[in-house]
Structure formats: C-alpha cells, structure tokens
Amino acid sequence: TIRPVRRSYYDPSSAPGKGVVWEWENDSGSWTPYDMDVGITIQRAYEKQHPWVDLSAIGFCYVIDFATMGQINRQTQRKRRVRRRLDMVYPLVSGTLPKSQSWPASPGAVAAPPVPACACPQCLLVMSVKATVSAAGPSTTTLQPRKAPAVPPAAPKAPAPAPGAKAPDSMAAARGSLKPLAAQGGRRQAASTPTLSSASSSASPPGTGSGKASRPSLGTLNPSHLQRLAIAQSRVLIASGVPTVPVKNLTGSSPVNPALAGITGILMSAAGLPVCLTRPPKLVLHPPPVSKSEIQSIPGISHTCRKTTKKQAKKGKTPEEVLKKYLQKVRHPPDEDCTICMERLSAPSGYKGPQPAVKPDLVGKLVKCGHVFHLHCLVAMYNNGNKDGSLQCPTCKTIYGVKTGTQPPGKMEYHIIPHALPGHSDCKTIRIIYNIPPGVQGPEHPNPGKSFTARGFPRHCYLPDSEKGRKVLKLLLVAWDRRLIFAIGTSSTTGESDTVIWNEIHHKTEFGSNLTGHGYPDINYLDNVLAELAAQGITEESLAQEKD
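Residues numbered from 1 in each chain as written. Predicted model: local features only at pLDDT ≥ 70, side-chain atom pairs only at ≥ 80, totals over all residues. Heavy atoms only, no water.

### Comments concerning the overall build of the protein chain
On a plain count of helices and strands, the protein chain comes out with eleven helices and 25 strands. Relative to its full complement of 548 residues, the protein chain shows a buried share of 36%. In the structure as shown, the protein chain presents an accessible area of about 31000 Å², 55% of it carried by carbon and sulfur atoms. (Helix = DSSP H or I, 4+ residues; strand = E, 2+ residues; numbered from the N terminus. Buried < 20%, exposed > 50% of the residue type's maximum accessible area, 1.4 Å probe, protein only. Areas by Shrake-Rupley, 256 points an atom, 1.4 Å probe, with all protein chains shown as cover.)

See below:
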C-alpha cells in the first residue's frame, strides 16, 4: 500500500509556532495529541481567555472547558481530561515558503490497486459504504428499498452482463465478509431498510458504463442530498418507535455535519441496525448578554462584592490551650483503639513525628461527640492542620470552634440577572463571579513560598433567586469569609499541582443546560449544597455568629 505524505508550515504566532501542544487523556490513561488544526483552534480560544470553546465549527462534537480542563462529548456527555504542553519545539523556517510537495508526485505514477487496510467487519463496512456513495455520484439522492445496485465494471474492457444475469456488485467483497455479522438482523430488514440509490440523468442501461468518469469523494457530495436522506430516514424510523441517536446540526450550512449525519445513518442501516437522527442538546454555559442597567442587587444582602486578603488570626496561643476547650480527660481509658495512631488507648500513643509537649499516655474525650483519643495524637493532628483554633473529630467530622480554610486572596461578586434557570422559571437568577489571581503560597499552604496558578477565573456560578437560593448565597458568603470555597492543591481534572481548586462545596457553573452535571435542572442541588456547607460547619447559626 502506497500512501501520500506531506509537510505543513504554520505561522510562528500559532500554537505549533510557540511549541504548544494540546492533548486529551485516552482510556488507557496516556495522553494523545489533538490534530494540529484542532490544537490551533483550542489555543486561539485559550489565548483570548474564553471560558470554553465549541469544536463543532470544525466538525467535532466536543466542548473544551478551560475552567476544568476537560473535554465534553456533546452527544454522550462523557468527560475526558485535557492538558496543554509547552515543550514541543518545531524547527523554524525563514524566507518564502516552499511549494507544496507530496509523494507520489502525480496520481498516475502508481497504478497499484487499492487494498483494504484492515479486514475487520467494521472497516469492510465502511469501505462498502464509501463504494456505494461514490457510485451514486453528485446527482439527486433518494430513499428507496434496498436492491442489488448495478455499478460499472471494474475494467473498461469487461463485457456487459447477459440479460437476466446479476450485475457486478461493488459491495460483494464486503458483503461476503459481513455475512456472519448480518445473518440475523440484516435479512429481516433487507426489504425495508433504506439505502442510497441514484436517479442519474443519463439513460445508460444498468451494468454499462464508460469506466472513465471520475468518482467524486465524500467531500464533494451535495449536503442537501444527505440532509434530505437523514430527515426522511428519521421520520420513517420515529414512526416505527426506533430509539434516536443524536447527531450534531442536521440543518447546518457546513457540509461536514450533514455528511456525518448521513453517513451515520447509512452505516447503521448497512449493519442491520435501526437508527433515527436527532439534534442533540446544546451546551449553554452562560446566560444571554446582560447590560449594567439590568443587574440588580440582592434584597436583604448588603453590598455586591466581598474580598479576602490575609489569613485569619489564630484563636488559641498553643495547641494544648485550644484542645482544653473541647476535651475532657479520661482517667480509665476504654479497651479500644485510638483511631488516629491505631494503638490501644490503654497504651502510649504510637505517633512517631515531632513530639508535642504532652505525655503520650494521656487520653481525652471530645465533649460533643464523645469520641476518645490520645491527647498526644490530637495535638499532632492540630499542628498538621490549619491551626485556626478549631478542631474536627477524625471519626465523625463534628466541628469544634469555627473552621476556616486556606483559600488564597480574591474577590466574590454577586447580583441578580433577569433570566431564569431551567427548572426555576418562576424566578430570576443569582449570578456569582469568583475571581482569584495567581500568587505565592503562604505558610498555611502546601508549599510555602512557591507560586500557584489560578486557572479558569473568573468563574461564573448560578443560583435561583428563590427563598432557598438566597439562603444558600448567604451561607456561601460565610464560607467565603472563612476561606472555605477554594483551596490550593492538585487538580483532579488536569493533574496540575499548586493550583486553585474547589474545596468540597459544589457550584453550578452551567447556566442553560446540564450536560456536564454542573447545571440545571437539578431538583436536589440546593439541599445537597446546604448539606455540604453544614459539613464545613456553616449553618443558619453561623449567620447569627457572623452578625455578632
């Protein structure tokens, strides 16, 4: 098999010119680079600081979300991780570009017959469909019951078939290999499954032809013909109760999407499988444009912006003084293990790190939940945490004191916009905008003194402007003041370390759809986020504490 090759040149300001390569994570966990044109499109949107880019304009049903560094399939909603590499350096060429070259130099230089690259049923099926579509040509395409299509003979000198003899079939080789595949379902649908046939303008009889007319490629097919085929096939199959298969943009102006729709239907039908082409739902991340005059403040909530700056002050001088407020000493420890060091409570603590200034055999009980630990272990756990004067039981997660986090400095804006969320048509929408710039990690962060990144900011989030939605917003403001919305760590979507990540309080970042799972409608979201806030020690009682 001889295939042509080519060499491409790109502008130095493009993604390959800058050494940028975009990759997606495959099922085996390794990374696969996008095609160069796709990578250039993604990089162009990334440099313009777009929150996401839709690749349907170049023929792919994917959306790249830069906030989560994920690739979302618009048909199946499956999400994959993507990443951006900066270490792929291509050679630079100065001067005028050379003429486009390919090998072989001319199509007639090699007369080798085409050979299938693979003999598997799928490849044979694809090749058989290509042969049928090429034989149909650019003439008017209609939907007819399946028959044995008559095609020109393989060689110009081949004699025409005798009257009554079966015409040569371009799909014979493929059908021979596909007989085991379509033995059951294919025969039952042979009389009713639609296929392509051509109403040619020429009056030549079946089985005859010049053999010299060039066959058009798939890219030259008339999009309207394939579009009519897809729509007609859809109507027939919908009436028969066949499940639908979403295909992007059946009525678009681009020839790519209608061609994909038609080929999808042809392949499914050729395999003996019913198919109905429908339009998939669209990803709507943001609301329609809103002017400043349409934005309203939220009744009952002062201001429209909150900022965080420095780390909150510690509420205890030493860990021992902090723990005294939450513990009772136990003189006779129970016959059970300490869940921190996993040693018996009747034995000394098994903690081997820096030794706290308490005896290793002392035991204490937390006053609210009643769980018992070595004092030595609790002091060590407190020293390894945020050291903000609060304590969280490692067994039941009960919080003692006011829990704060390590969220880096930033700004939180909130206001009402005049658009309704799906599932909340009776009210307007609360829009929250988080903005955290990159910076340097402080002493409370994983790597003090090291810089951290902040990807995908500003991040837009949405709540219904209902009574419960405003309650959630008020509690989110408390969480923001306590620095619990974000943290610095390793991103679960991109694998990048030392970056700003969400901190176990889920937000809805998709405005008009729910393809990613982070949108509406979601009837349980408000209750779920209230439970997540309560797990961080933020309840309605917290609102009273903040006022005090």
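### Some thoughts on helix α10 (residues 525–535)
Owing to its 3.6 residues per turn, the α-helix brings residues three or four apart onto one side. Taken residue by residue, α10 has Tyr525, Leu526, Val529, Leu530, Glu532 and Leu533 as its buried positions. Down the axis, α10 shows its buried residues gathered within 160° of arc, on one side only. Here the buried face of α10 lies against β23 (459–464) and α9 (467–481). One or two residues past the end of α10 sits Gly537, with phi positive at roughly 85°. (Arc of directions from axis to C-beta. Contact = heavy atoms within 4.5 Å.)

### Quick word on the environment of Tyr326
Looking at the secondary structure, you find Tyr326 in the loop between α7 (319–324) and β14 (327–329). Residue classification places Tyr326 among the buried residues on the basis of a relative accessible area of 9%. Placed 40 residues apart in sequence, Tyr326 and Leu366 show a C-alpha to C-alpha distance of 5.8 Å. Excluding anything up to four places from it in sequence, Tyr326 contacts Lys365, Leu366, Val367, Gly389, Ser390, Leu391, Tyr400 and Gly401. Of note is the side chain of Tyr326, whose polar atom sits 2.8 Å from the backbone oxygen of Gly389. (Polar contact = N/O pair within 3.5 Å; in protein donor to acceptor, adjacent residues only side chain to side chain.)

### Let's talk about the side chain of His445
Checked against the element boundaries, His445 lands in the loop between β21 (439–440) and β22 (451–452). For His445, the side chain forms a polar contact with the main-chain oxygen of Thr406, separated by 2.7 Å. Contact partners of His445, with chain neighbours within four places excluded, come to Thr406, Pro408, Arg483 and Ile488.

### Brief notes about the environment of Cys305
Within the secondary structure, Cys305 is located in strand β13 (residues 305–308). In this structure Cys305 comes out as partly exposed when scored by relative accessible area, which is 30%. Between the C-alpha atoms of Cys305 and Tyr434, which are 129 residues apart in sequence, the distance is 9.8 Å. Once residues within four sequence positions are removed from consideration, Cys305 is found in contact with Lys411, Met412, Glu413 and Tyr414.

### With respect to the pairing of strand β5 (residues 62–65)
In this structure, strand β4 (residues 52–54) lies alongside β5, joined through three bridges in antiparallel fashion. The partner of Trp52 across the bridge, within β5, is Asp65. Of the strand pairs in this sheet, β5 and strand β6 (residues 70–73) are connected by four bridges, and their pairing is antiparallel. Among the inter-strand pairings, Tyr62 is bridged to a residue of β6, identified as Asn73. (Pairing = 2+ DSSP bridges.)

### A look at the packing of aromatic side chains
Aromatic ring pairs are defined here through the distance separating the ring centres and the angle between the ring planes. Scanning the model with the defined rule gives eleven aromatic pairs in all. The interplanar angle of 90° and the centroid separation of 6.1 Å between the aromatic rings of Tyr520 and Tyr525 together place this pair among those described as edge-to-face. For the residue pair Tyr520 and Tyr525, the accessibility class agrees, reading buried in each case. Within the aromatic cluster, the residues linked to one another by ring pairs are Tyr434, Phe457, Trp480, Phe486 and Trp502. Above the plane of the ring of Tyr400 lies Lys368, whose end atom (NZ or CZ) is 5.4 Å from the centre. Lying across the ring of Phe457, Arg459 places its NZ or CZ 4.3 Å from the centre. (Phe/Tyr/Trp six-rings, centres within 6.5 Å; stacked < 30°, edge-to-face > 60°. Lys NZ or Arg CZ within 6 Å of the ring centre and 35° of its normal.)

### So, the nonpolar core
Buried together is how nonpolar side chains tend to be arranged in soluble globular proteins. Counting residues in hydrophobic clusters, the biggest one holds 39 residues, and the most contacted among them are Met412, Ile432, Tyr434, Leu463, Leu473 and Leu476. Among the secondary structure elements, those contributing two or more residues to this core are β19 (410–417), β20 (429–435), β23, α9, β24 (486–489) and α10. By residue number, the principal contributor to this core is α9, which donates eight residues. Residues contacting Leu473, with those up to four places away along its chain left out, are Ile298, Ile301, Met412, Tyr414, Ile430, Ile432 and Leu463. Residues Tyr326, Leu366, Cys393 and Tyr400 belong to the second largest nonpolar core, which totals 20 residues. (Core = buried A, V, L, I, M, F, W, Y, C linked by side-chain atoms within 4.5 Å.)

### Regarding the sheet that holds β23
In spatial order, the strands read β13-β19-β20-β23; together these four strands make up an open sheet with antiparallel pairing. Every other strand in the sheet has two partners, leaving β13 and β23 as the edge strands with one partner each. Sheet twist, expressed as the average angle between the axes of neighbouring strands with direction ignored, equals 20°. Both β19 and β20 contribute to a ladder of seven bridges, which runs antiparallel. By the bridge assignment for β20, Met412 is matched with Tyr434. Each of β13, β19, β20 and β23 touches α9; the most contacted strand, β19, lies at about 170° to it. (Axes fitted to C-alpha atoms, helices over the stretch in contact; angles between N-to-C directions.)

Nothing here speaks to function; it is all geometry.
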